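Summary of structural features
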Amino acid sequence: MNTHIQTSADSDIPEGAYISVCTGLSSDALPKVENSSQSENSDTGVSTHFVPLPKEILVSRRAAHQPHWYVLRVTYGREKKAYDYMVEKHVEAFYPTIQTVKEVNGKQQTIEESRLPNMFFARGTEEDIKSFVYDNVNLPYLRFYYRHFRKGNKIVNEPVIVPDYQMEGLKIICASGAQDVLVVPDTVQKFQKGQSVRVTDGAFAGLEGKVARYQGQQRVAVIIDGLLTMASAYIPSAFLEKIV
């Protein structure tokens, strides 16, 4: 069963930021980041040819038989189609969406669109997810996001893995219902990274991330290196505890 969570837009959010709305946290189901104002005709975010590889992932992905969260990308806005197909095949998936108001045939309508255009997340073993990525009959437009790193004299390509705690953080932020939630592509350096913290109370309780400031407000950000930063709405210091 898919869970649909919606929040309303905040007119004070600046260009380059998004309001968080998520769809598709499926208990039995299990990719280019764009500015929402440009999502119909341009790409921002990182190239699929290079994303830095965190040390923790280098260690964790050695157990290839273990399930992980992978970042998947599609072409021409077909992430919903790929997501639905994988969910039907009982893959666990996370597909964030956003509600936007558009004029259709002279009438204002609320449209559900991808929260992160051309991207969604899937959980499984690498071999499980490869069976979909390499399915050129049903999913010819689906690909991994890759990290490239040097191993001896060779450049090794490995699919991007998002640690479980970061995926949980994204879900918490999306499920909070807060209006003033931001997503900024990694290419836009607007956040001041700081102390690792855990949120202990309020709508974001359980969220782990970095203290960040944006628009003069203290927030907690989930930073997926090389891809994007998603930050909560304002969180008071009394709701934060340091992660040692």
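Residues numbered from 1 in each chain as written. Predicted model: local features only at pLDDT ≥ 70, side-chain atom pairs only at ≥ 80, totals over all residues. Heavy atoms only, no water.

Taking 1.5 Å as the rise per residue, helix 4 (residues 164-175) with twelve residues should run 16 Å; its terminal C-alpha atoms sit 16 Å apart, in good agreement. Restricting attention to buried positions, one finds in helix 4 the residues Gln-166, Met-167, Gly-169, Leu-170, Lys-171, Ile-173 and Cys-174. Following helix 4 by one or two positions, Gly-177 has its phi on the positive side, about 80°. (Helix = DSSP H or I, 4+ residues; strand = E, 2+ residues; numbered from the N terminus. Expected span 1.5 Å × (residues − 1). Buried < 20%, exposed > 50% of the residue type's maximum accessible area, 1.4 Å probe, protein only.)

Next up on the list: the nonpolar core. Counting residues in hydrophobic clusters, the biggest one holds 30 residues, and the most contacted among them are Phe-121 and Phe-204. Those elements that place two or more of their residues in this core are strand 3 (68-74), strand 6 (119-124), helix 4, strand 12 (196-199), strand 14 (217-224) and strand 15 (228-231). Ranked by residues supplied to this core, first place goes to helix 4 with four residues. If you look at the next biggest cluster of nonpolar residues, it comprises 20 residues, including Tyr-83, Phe-132, Phe-144 and Ile-161. (Core = buried A, V, L, I, M, F, W, Y, C linked by side-chain atoms within 4.5 Å.)

For helix 3 (residues 126-133), the set of buried residues is Glu-126, Ile-129, Phe-132 and Val-133. Take helix 3 and look down its axis: the buried residues cluster within an arc of 120°, on one side only. Those residues of helix 3 that are buried lie in contact with strand 3, helix 2 (79-88), strand 6, strand 7 (142-144) and strand 9 (154-159). (Arc of directions from axis to C-beta. Contact = heavy atoms within 4.5 Å.)

Ordered in space as 11-15-14-13-12-16, the six strands form an open sheet in which the pairing is antiparallel. Only two strands of the sheet have a single partner each, and these edge strands are strand 11 (182-185) and strand 16 (240-242). Here the average twist between neighbouring strands, direction ignored, is 45°. Of the strands in this sheet, strand 13 (208-214), strand 14 and strand 15 touch helix 4, which is tilted by about 135° from strand 14. (Pairing = 2+ DSSP bridges. Axes fitted to C-alpha atoms, helices over the stretch in contact; angles between N-to-C directions.)

The next thing to look at is unusual backbone geometry. A positive phi angle, close to 55°, is found at Asn-105, a residue other than glycine. Among the structural elements, Asn-105 can be located in the loop between strand 4 (92-104) and strand 5 (107-114). The exposure class assigned to Asn-105 is exposed, which follows from its relative accessible area of 76%. Positive phi values are uncommon outside glycine, yet Gln-215 reaches one of about 55°.

Scanning the model with the defined rule gives ten salt bridges in all. The closest approach of N and O atoms between Lys-102 and Glu-113, which form a salt bridge, is 2.5 Å. Of this pair, Lys-102 sits in strand 4 while Glu-113 sits in strand 5; the two residues are eleven residues apart in sequence, bridging distant segments of the chain. On the basis of relative accessible area, Lys-102 is assigned to the partly exposed category, the value being 28%. A relative accessible area of 22% places Glu-113 in the partly exposed class. Ionic pairing is found between Lys-171 and Glu-168, a salt bridge with its closest N-O pair at 3.5 Å. Taken together, the positions of Lys-171 and Glu-168, both in helix 4 and three residues apart, correspond to about one turn of that helix. For Lys-171, a relative accessible area of 16% translates into the label buried. Salt bridges here are not isolated pairs; linked through shared partners, they connect Glu-92, Arg-123 and Asp-164. (Salt bridge = Lys/Arg side-chain N within 4 Å of Asp/Glu carboxyl O.)

Within the secondary structure, Lys-242 sits in strand 16. The exposed category is assigned to Lys-242, whose relative accessible area is 62%. As a C-alpha pair, Lys-242 and Lys-210 span 32 residues in sequence and 9.7 Å in three-dimensional space. When residues no more than four places from it in sequence are discounted, the contact partners of Lys-242 are Gln-195, Ser-196 and Val-197.

Let's shift gears to the pairing of strand 3. Buried residues dominate strand 3, accounting for seven of its seven residues. Of the two faces of strand 3, the one carrying His-68, Tyr-70, Leu-72 and Val-74 and the one carrying Trp-69, Val-71 and Arg-73 are both buried. For strand 3 and strand 6, the ladder comprises six bridges, and the chain directions are antiparallel. What sits directly across from Leu-72, in strand 6, is Phe-120. For strand 3 and strand 10 (residues 161-162), the ladder comprises two bridges, and the chain directions are antiparallel. Within strand 10, the residue paired with Tyr-70 across the bridge is Ile-161.

By themselves, these figures tell us nothing about what the structure is for.
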